[in-house]
Amino acid sequence: MSSSAAQRRELQKAELRAELVAAAHALVREEGYDGLTIRKLATRVGYAPMSVYSYFADKQEILMALAEDAFADLAQRMRQNQPEDPITAMRAALTEYAEFGLGNPNEYRTVFMTEKQKHPPEETFEQMERENPAFQIIIERVQACIAAGVLKGDARAIATALWTVAHGSVSLLITFPFYPFGDPKAYVMRMGDLAMAGLAASETPPLTDEPGMCPG
């Protein structure tokens with residue numbers, strides 16, 4: 001096979017994979033976790049189920065692809081909302097996270113609140129950051145806050161704490177919609193502000209004494 005033919009083949013594979021991921025996003029938004037099946041996905045794009053299996057071995061692999069795609073989309077939104085003031089920039093990132101999750105509850109529940117039954121290959125923090133550009137942006141903004149003297153301590157630990165608060169708040173709002181949280185977005189921001197105040201009050205140590213692998 002010539003190099004040009006091989007390149008065309010790889011391009012076609014990448015385009016079909018992107019089409020499958022886009023169709024999976026649509027299924028999840030419309031029908032939730034249970035609506036995402038290999039057969040429904042194949043029907044959606046007009047291919048035989050075996051064609052889908054050549055890209056994704058099972059539903060878990062589709063979920064991992066959706067997560068990567070969602071983090072890339074969230075990172076793009078964060079990049080477009082980047083004030084100069086470090087605290088304002090940090091709050092802007094939390095705002096985008098809240099709007100992302102609350103605006104797509106079915107997708108958020110499926111992608112970020114579903115247990116991953118397959119352990120990903122062992123990864124370093126650096127590898128995880130490359131695959132999760134949204135988390136990298138949070139780390140960058142935490143580092144800016146540290147440089148400005150607003151926060152003190154380990155940037156990854158602080159970023160993880162803020163991510164925990166944002167994810168926990170969005171998850172509660174989606175799971176318990178009838179609880180009197182008040183305005184959903186305002187609630188997420190309020191929790192974020194409380195977390196920032198707590199983190200600013202003392203130095204945050206690293207999550208672990210050893211530069212280990214990311215949790216699987």
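Predicted model, so just to flag it, every value in this text is computed and none were measured.

### Focus: the nonpolar core
Here is step 1: One finds L36, L41, I62, L66, M90, V142 and L162 to be the most contacted residues of the largest nonpolar core, which totals 56 residues.
Here is step 2: Elements represented by at least two residues in this core include exactly α1 (3-31), α2 (38-45), α4 (59-79), α5 (86-103), α6 (105-112), α8 (133-147), α9 (155-175) and α10 (184-200).
Here is step 3: The leading source of residues in this core is α4, at 10 residues.
Here is step 4: Excluding anything up to four places from it in sequence, L41 contacts L20, A23, A24, L27, V52 and I62.

### A closer look at the packing of aromatic side chains
Here is step 1: Applying the stated rule across the entire model yields eight aromatic pairs.
Here is step 2: Measuring from centroid to centroid gives 5.1 Å for F71 and F112, while their planes differ by 55 degrees, and the two rings are tilted. Residue F71 is found in helix α4, and its partner F112 is found in helix α6; the two are separated by 41 residues along the sequence. Across the pair, exposure class does not vary: F71 and F112 are buried alike.
Here is step 3: Ring plane angle 50 degrees and centroid distance 5.0 Å describe the contact between Y108 and F112, whose orientation is recorded as tilted. On the criterion of helical spacing, the pair formed by Y108 and F112 is a turn pair, its members being four residues apart in helix α6.
Here is step 4: Looking at F112, the relative accessible area reads 17%, which means it is buried.
Here is step 5: Here the aromatic residues F71, Y97, F100, Y108, F112, F135 and W163 are joined through ring pairs into a cluster of three or more.

The rules behind these values
- Each chain has its residues counted from 1, running along the sequence as written.
- Since the coordinates come from a predicted model, pLDDT governs what is reported: local features require at least 70, and pairs of side-chain atoms require 80 or more to be given and counted, while whole-chain, interface and lining totals use all residues.
- With hydrogens and water stripped out, all remaining heavy atoms of the structure feed into the side-chain values.
- In plain words, nonpolar cores are sets of buried Ala, Val, Leu, Ile, Met, Phe, Trp, Tyr and Cys residues tied together by side-chain atoms within 4.5 Å.
- In this scheme, a residue with accessible area under 20% of its type's maximum is buried, one over 50% is exposed, and one in between is partly exposed, where area comes from a 1.4 Å probe on protein chains only.
- Labels follow the DSSP assignment, with helices taken as runs of H or I lasting at least four residues and strands as runs of E lasting at least two, numbered in each case from the N terminus.
- What makes two residues a contact is simply this: any of their non-hydrogen atoms within 4.5 Å.
- Whether two aromatic rings pair depends on their centres lying within 6.5 Å, for rings of Phe, Tyr and Trp, where Trp uses its six-membered ring; planes under 30 degrees apart make the pair stacked, over 60 edge-to-face, and the rest tilted.

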